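An overview of the molecular structure
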Amino acid sequence: MQFIDLEAQQRQQLPDGRIIREAVDARIASVLNHGCYILGPEVKELETTLSAYVGVEHCIAVASGTDALLIALMALGVQAGDEVITTPFSFISTSETIALLGATPVYVDIDPATYNLDPNKLEPAISERTKAIIPVSLYGQPSDFPAINVIAERYGLPVIEDGAQSFGSQQHGRRSCGLSTIGTTSFFPSKPFGGYGDGGACFTDDPELADRMRRVSRHGQVRRYIHTDIGVNGRIDTLQAAILLGKWPNFAQEVEQRGRIGATYSRKLQAVGITTTPQLAIGNTSVYSQYTVQVDHRADVQAALKERGIPTAVHYPTLLSQQPALRSVHSRSCQGWHMPVAQEASETVMSLPMHPWLSDEDQDLVVNALVTAIHQTSVSSAA
Ligand SMILES: *Cc1c(COP(=O)(O)O)cnc(C)c1O
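Residues numbered from 1 in each chain as written. Predicted model: local features only at pLDDT ≥ 70, side-chain atom pairs only at ≥ 80, totals over all residues. Heavy atoms only, no water.

1. A short note on the site of the ligand
Every one of the 15 residues lining the ligand counts as a neighbour, but Gly65, Thr66, Asp162, Ser186 and Lys191 are closest to it. In the model, an oxygen atom of the ligand is placed 2.7 Å from a nitrogen or oxygen of the Gly65 main chain. Within the side chain of Lys191, a nitrogen or oxygen atom sits 2.8 Å from an oxygen atom of the ligand. Protein contact buries 92% of the 380 Å² of open area that the ligand shows by itself. In this structure, the ligand is accommodated by the largest pocket. For the shell around the ligand, the residue count by class is five nonpolar, eight polar and two charged. (Near = heavy atom within 4 Å. Polar contact = N/O pair within 3.5 Å; in protein donor to acceptor, adjacent residues only side chain to side chain. Areas by Shrake-Rupley, 256 points an atom, 1.4 Å probe, with all protein chains shown as cover. 1 Å grid on protein atoms, 1.4 Å probe; cavity = no way out; pocket = protein on both sides within 12 Å on 5 of 7 lines; lining within 4 Å. Sits in = over half its atoms within 2 Å of the grid points. Nonpolar A, V, L, I, M, F, W, Y, C, P; charged D, E, K, R; others polar.)

Take a look at the structure:
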């Protein structure tokens, strides 16, 4: 069994009758024919398609989800000495990009039900130096933007949603990446809308921010060899945009299947007494980029599942606040962080195989193996 089955993806049939592989091959051939490898017409087409889907005015397609965060922070003018509030329970990119600009990440503990930044703990973390807030929509469901946006507005702070894992999900009928000042996402192959390589995007309704993000992603260039901002080489390849467009017609169905398979997992697991299944906040849908439960004796449970051919993963075993690379960056902050909820999550979370083509039979195998493993490990640890 595979954790994520990207081979099965290529075989899926699109509404026009072709399989994804054929559509992608045709798109790649078309780029090789026209030869505009940098900022070719596919980039604009992808941006138009995705901004319409998310329901915002502007999309800037970029080289990765990490670049999307960096470009968003640069466009907001975040610089050395500033603070950016974020969650400690995420992939390194969230803090890495803050640190790259000489700013300091300030962490707020997570909500135990959703694993996302807890808005009730946000306000005390805001200081004179705070320049932005980056909630991460972890495992596939949006952070609590209604609550976060109200607090951010009170302090005049922009909010960047790191939607690398939540692209396609909704909150009260609005799509992830369109829920705050800026939304960013990733097209890394294993993400909900994955390409076959690196890619990402920034979304916003603000025309000035959109201009600035576009400029920053292209060396701050306004005309050929005239550079008004310090920028990066953060463009998406035309080829990657073409691949994403080839896959796009299947995405709505993948989102639907992800939601259904996630819900089925929860029903099957609860039926056998496993209650640490994901909880959706009111108004949220999830694309289950990860289907994650909490278990005791995690390493033993993982080993028992592996023996039965079932892969698992841990997102994430080490909090960002404890990453060695960030130690000197964190020492700049005078705030003490108390994050018991994130700490406990990092010690107990475990993600199960999850992708839109996971069969009912394979889900049953996972569920049965998990129950057995949990019983075995709790019996042997009691002995
Ligand atoms: C994957 C991921 C990123 C980084 O995306 P890349 O495209 O790999 O650079 C950032 N944030 C989160 C939460 C992610 O899961």
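2. Quick look at the domain arrangement of the protein chain
Partitioning the protein chain into domains gives domain 1 (6-108 + 119-249) and domain 2 (251-382). Taking only C-alpha atoms into account, the centre of domain 1 sits 25 Å from that of domain 2. Taken residue by residue, the interface counts 44 residues in domain 1 and 37 residues in domain 2. When the two sides are added together, the surface that domain 1 and domain 2 hide from each other amounts to roughly 3300 Å², 58% of it contributed by carbon and sulfur. Broken down residue by residue, the surface that domain 1 buries against domain 2 is led by Phe89, Tyr107 and Tyr139, which jointly contribute 22%. Across the domain 1-domain 2 interface, the total number found is zero salt bridges. Put simply, domain 1 and domain 2 have 18 residue pairs in polar contact (both at pLDDT 80 or more) between them. Those elements giving two or more residues to the side of domain 1 that touches domain 2 turn out to be helix H1 (6-10), helix H5 (93-100), strand S3 (104-107) and strand S6 (170-171). Among the elements that make up the side of domain 1 that touches domain 2, the one with the highest residue count is S3 (four residues). For the side of domain 1 that touches domain 2, the class distribution of residues is 22 nonpolar, 18 polar and four charged. (Domains from an automatic or database assignment. Contact = heavy atoms within 4.5 Å. Buried area = accessible area lost by both parts, 1.4 Å probe. Salt bridge = Lys/Arg side-chain N within 4 Å of Asp/Glu carboxyl O. Helix = DSSP H or I, 4+ residues; strand = E, 2+ residues; numbered from the N terminus.)

3. Some words on empty space enclosed by the protein
As enumerated under the stated definition, the model contains two cavities of 30 Å³ or more in all. What the largest cavity holds in volume is close to 80 Å³. In terms of lining residues, the largest cavity is bounded by Ala113, Thr114, Tyr115, Leu138, Tyr139, Gln141, Pro278, Gln279, Leu280, Ser286, Tyr288 and Gln290. Composition of the lining of the largest cavity by domain shows at least three residues from each of domain 1 (6-108 + 119-249) and domain 2 (251-382). One number sums up the size of the second largest cavity: a volume of about 50 Å³. (Points joined across faces, edges and corners; volume = space filled by probe spheres on them.)

4. Re the sheet that holds strand S2 (residues 83-86)
In space, the three strands of this open sheet follow the order S3-S2-S4, with parallel pairing throughout. One side of each edge strand has no neighbouring strand; the edge strands of this open sheet are S3 and strand S4 (130-134). Taken over all neighbouring pairs, the strand axes of this sheet differ in orientation by 30° on average, direction set aside. As judged from the four bridges shared by S2 and S3, these two strands associate in the parallel manner. Paired with Ile85 across the strands is Val106, a residue of S3. (Pairing = 2+ DSSP bridges. Axes fitted to C-alpha atoms, helices over the stretch in contact; angles between N-to-C directions.)

5. Looking at unusual backbone geometry
The residue after His315, namely Tyr316, is reached through a cis peptide bond having omega 10°. Relative to the elements of secondary structure, Tyr316 occurs in the loop between helix H10 (298-307) and helix H11 (327-330). Phi is positive for Tyr115, which is not a glycine, with a value near 70°. Assignment of secondary structure puts Tyr115 in the loop between S3 and S4. Its identity is not glycine, yet Cys177 carries a phi of approximately 85°, on the positive side. Turning to its location among the elements, Cys177 is positioned in the loop between strand S7 (174-175) and strand S8 (182-186).

6. What to know about the sheet that holds strand S9 (residues 200-204)
Pairing is mixed across the open sheet formed by four strands, whose spatial order is S1-S9-S8-S5. Each edge of the open sheet is held by one strand with a lone partner, namely strand S1 (58-62) and strand S5 (160-162). Direction aside, neighbouring strands of the sheet carry axes that sit 20° apart on average. In this structure, S8 lies alongside S9, joined through five bridges in antiparallel fashion. When the sheet's bridge partners are listed, Thr184 is paired in S9 with Cys202. Across the sheet, helix H4 (residues 65-75) is in contact with S1, S5, S8 and S9; its angle to S8 comes to roughly 160°.

7. Points about the packing of aromatic side chains
Tallied over the full model, the rule gives 16 aromatic pairs. Three or more aromatic residues joined by ring pairs make a cluster, and in this case those are Tyr53, Phe167, Phe187, Phe193, Phe203, Trp248 and Phe251. Seen from the ring of Tyr53, Arg175 lies directly overhead, with NZ or CZ sitting 3.9 Å from the centre. (Phe/Tyr/Trp six-rings, centres within 6.5 Å; stacked < 30°, edge-to-face > 60°. Lys NZ or Arg CZ within 6 Å of the ring centre and 35° of its normal.)

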